[in-house]
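Residue-level structural notes
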Amino acid sequence: NFILERIEKIIDQEVTVTILSKEEAVSSQYSKEQFGKIYFAYSPFIYFSVFIYLFGTIFSKMKGKEVAKRIAIAMKDERQVMLEQFLAGLTIVGLIVGINLLFVGILAPEFYASSQALKILLLSTASAISAYALSFLCAVVIGENQYAYSAASTILGTGLAFLSGIFVPLELVSSYGVNIAKFFPVYYVTSAASNSSTEFSSYAFHLGMIVLFTVLYIIMAFSVQRIRRKKFI
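Residues numbered from 1 in each chain as written. Predicted model: local features only at pLDDT ≥ 70, side-chain atom pairs only at ≥ 80, totals over all residues. Heavy atoms only, no water.

**Focus on the packing of aromatic side chains**
If you walk through the whole model with that rule in mind, you get 19 aromatic pairs. When the centroid spacing of 5.1 Å and the interplanar angle of 75° are considered together, the rings of Phe86 and Phe136 count as edge-to-face. With Phe86 in helix 5 (residues 78-107) and Phe136 in helix 6 (residues 117-142), this residue pair connects regions lying 50 residues apart in the sequence. Relative to Phe213, the ring of Tyr188 has its centre 6.1 Å away and its plane inclined at 40°; by these criteria the two rings are tilted. One end of the pair, Tyr188, is in helix 9 (residues 185-193); the other, Phe213, is in helix 10 (residues 200-232), and 25 residues separate them in sequence. Note on Tyr188: relative accessible area 7%, which makes it buried. An aromatic cluster is present here, built from Tyr47, Phe51, Phe55, Phe59, Phe86, Tyr132, Phe136 and Phe222 joined pairwise through their rings. (Phe/Tyr/Trp six-rings, centres within 6.5 Å; stacked < 30°, edge-to-face > 60°. Helix = DSSP H or I, 4+ residues; strand = E, 2+ residues; numbered from the N terminus. Buried < 20%, exposed > 50% of the residue type's maximum accessible area, 1.4 Å probe, protein only.)

Here it is in structure tokens:
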């Protein structure tokens, strides 16, 4: 198949090569806008792994017979106490999210002016609240066993990171793994963040699923607590 004319034609072709300096290459690949996007897109992994252990440990201190006696002596409704605990934890979540916003604002303020900012911030904030709702549910189910919170934090955090596209691209995850990941909000954050579109319709479904999981976790937490209360009455 050797044809001299074809080889000469290939050799005669010219190309234009542009050489970037090391600083320009790094700057073009990791711009400040991209830093903010990547930071908030991967933050759900941190939220889920940290919140389960943090809030689980805190809420475990508020359980037990002695605490129940104090609630009874104070003549407070247990549902009201539970709601107050939930809102108190939600305040802490707001502070943590605020610190993250300030952190990115200091290091990469250009991100907030980018077209992706609103989309990524909505998804990240919703995932933080959803992670807190899941940690609140774990606190109700697990109770006072503090070691279980560390195990749940490690297993859920690491597992979701591999299945939801944080450590491994979703294209390389098996269909079984993707189906499992769909039962957790982290999947919908990373899936929406990987789409470059900024139209609300492009990520409305993903945002709605995160909100739906949040509501589901909260309802399950209060339902489990109600069942337990009836059992002990």
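Let's pick the thread back up.
**Some points on the side chain of Ser191**
Mapped onto the secondary structure, Ser191 falls in helix 9. On the basis of relative accessibility, which here comes to 16%, the residue Ser191 falls in the buried class. If we skip the residues at most four places from it in the chain, Ser191 touches Leu170 and His206. (Contact = heavy atoms within 4.5 Å.)

**Overview of the side chain of Ser130**
Turning to its location among the elements, Ser130 is positioned in helix 6. What Ser130 contacts, discounting residues up to four positions off in sequence, is Phe48, Pro185, Ile210, Phe213, Thr214 and Tyr217.

**Some thoughts on helix 3 (residues 32-60)**
The end-to-end C-alpha distance of helix 3 is 40 Å, a good match for the 42 Å that 29 residues give at a rise of 1.5 Å each. If you look at helix 3, its biggest bend is around 35°, right at Ser43, and the proline Pro44 turns up within four residues after that. (Expected span 1.5 Å × (residues − 1). Bend = angle between axes of the 7 residues up to and from the residue.)

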